[in-house]
Amino acid sequence: MTTVQKTAVLHLVVGMFYQTRKARGHNAIGFENQYDLPVVFQCPRNNYINGMGSVHDNGAEDRIWKFYCCQLPDIHMFDCSFTDWTNVFDGAQNFNSPDGLVMKGMDSYHDNNFEDRRFKYELCTPYVMDGLIVVG
């Protein structure tokens, strides 16, 4: 079985910038899908995914997903796009956001023949209003 159980906390900023801006709104959003159905999720405007959680059901052989979204003051998401599928059925799922990008959304579907899911992720470049990119 191949599923993402959790993501690491996203380390968005470094140095003095991080010390002066604290993440806010670590909101746990309710489960976004039903068993065997797609998940199409995006954090609200200018928020990023800070964590993911899931609950597995042995009968459905699937997971339902919830997401934690955060926002850093004065940070805006720019140039967002979805990855290609990051796994194959019955294959390993090992995805990390590339340097300089944060995860804003997830798209996933379940296949009952494989009893497995495939995943895509929406990635964005965070920036401050003056255009300074804050990750890297």
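Source: prediction; values computed, not measured.

### Focus on the packing of aromatic side chains
Where two aromatic rings form a pair, the distance of their centres and the angle of their planes describe that pair.
Inference 1: Tallying each qualifying case throughout the model produces eight aromatic pairs.
Inference 2: Here Trp65 and Phe119 contribute two aromatic rings whose centre-to-centre distance is 5.8 Å and whose plane-to-plane angle is 80°, an arrangement assigned as edge-to-face. Here the residue Trp65 occupies a position in strand S4 (residues 62–71), and Phe119 occupies one in strand S7 (residues 116–128), the gap between them amounting to 54 residues. The residues Trp65 and Phe119 share a single accessibility class, namely buried.
Inference 3: Ring plane angle 80° and centroid distance 5.7 Å describe the contact between Phe78 and Tyr127, whose orientation is recorded as edge-to-face. Taken together, the residues span a long stretch of sequence, with Phe78 in strand S5 (residues 75–82) and Tyr127 in strand S7 at a distance of 49 residues.

### Some thoughts on the sheet that holds S5
What holds strands together in a sheet is hydrogen bonding between their backbones, with the strands either parallel or antiparallel.
Inference 1: Spatially, S2-S6-S7-S5 is the arrangement adopted by the four strands of the open sheet, whose pairing is antiparallel. Where the open sheet ends on each side, the last strands, each with one partner, are strand S2 (39–42) and S5. Across the sheet, the axes of successive neighbouring strands diverge by a mean angle of 20°, strand direction being ignored.
Inference 2: When S5 meets S7, the two strands line up antiparallel, connected through six bridges. Looking across to S7, one finds that Phe82 is bridged to Glu122.

### Some points on the state of the cysteines
Here a disulfide denotes a covalent bond joining the sulfur atom of one cysteine to the sulfur atom of another.
Inference 1: Summed over the entire model, instances satisfying the criterion amount to two disulfides.
Inference 2: Disulfide pairing is shown between Cys43 and Cys69; the S-S distance is 2.1 Å. Its torsion about the S-S bond being -85°, the disulfide of Cys43 and Cys69 is classed as left-handed. Of this pair, Cys43 sits in the loop between S2 and strand S3 (48–57) while Cys69 is found in strand S4, placing the two residues 26 residues apart along the sequence. Assigned by exposure class, Cys43 and Cys69 land together as buried.
Inference 3: Between Cys80 and Cys124 runs a disulfide, and the two sulfur atoms are separated by 2.0 Å. Judged by the sign of its S-S torsion, about 115°, the bond between Cys80 and Cys124 is right-handed. Of the two residues, Cys80 sits in strand S5 while Cys124 sits in strand S7, which places them 44 residues apart along the sequence.
Inference 4: Taking relative accessible area as the criterion, Cys80 reaches 32% and is therefore assigned partly exposed.
Inference 5: By relative accessible area, which is 0% here, Cys124 ends up buried.

### Considering the pattern of salt bridges
Inference 1: Evaluation of the coordinates by the stated rule reveals one salt bridge.
Inference 2: The salt bridge involving Asp62 is made with Arg117; its shortest N-O contact spans 2.8 Å. Separated by 55 residues along the polypeptide, Asp62 in strand S4 and Arg117 in strand S7 bring together distant segments of the chain.
Inference 3: Overall, the relative accessible area of 2% leaves Asp62 in the buried class.

Rules used throughout
- Residues numbered from 1 in each chain as written.
- Predicted model: local features only at pLDDT ≥ 70, side-chain atom pairs only at ≥ 80, totals over all residues.
- Heavy atoms only, no water.
- Phe/Tyr/Trp six-rings, centres within 6.5 Å; stacked < 30°, edge-to-face > 60°.
- Helix = DSSP H or I, 4+ residues; strand = E, 2+ residues; numbered from the N terminus.
- Buried < 20%, exposed > 50% of the residue type's maximum accessible area, 1.4 Å probe, protein only.
- Pairing = 2+ DSSP bridges.
- Axes fitted to C-alpha atoms, helices over the stretch in contact; angles between N-to-C directions.
- Disulfide = S-S within 2.5 Å.
- Salt bridge = Lys/Arg side-chain N within 4 Å of Asp/Glu carboxyl O.

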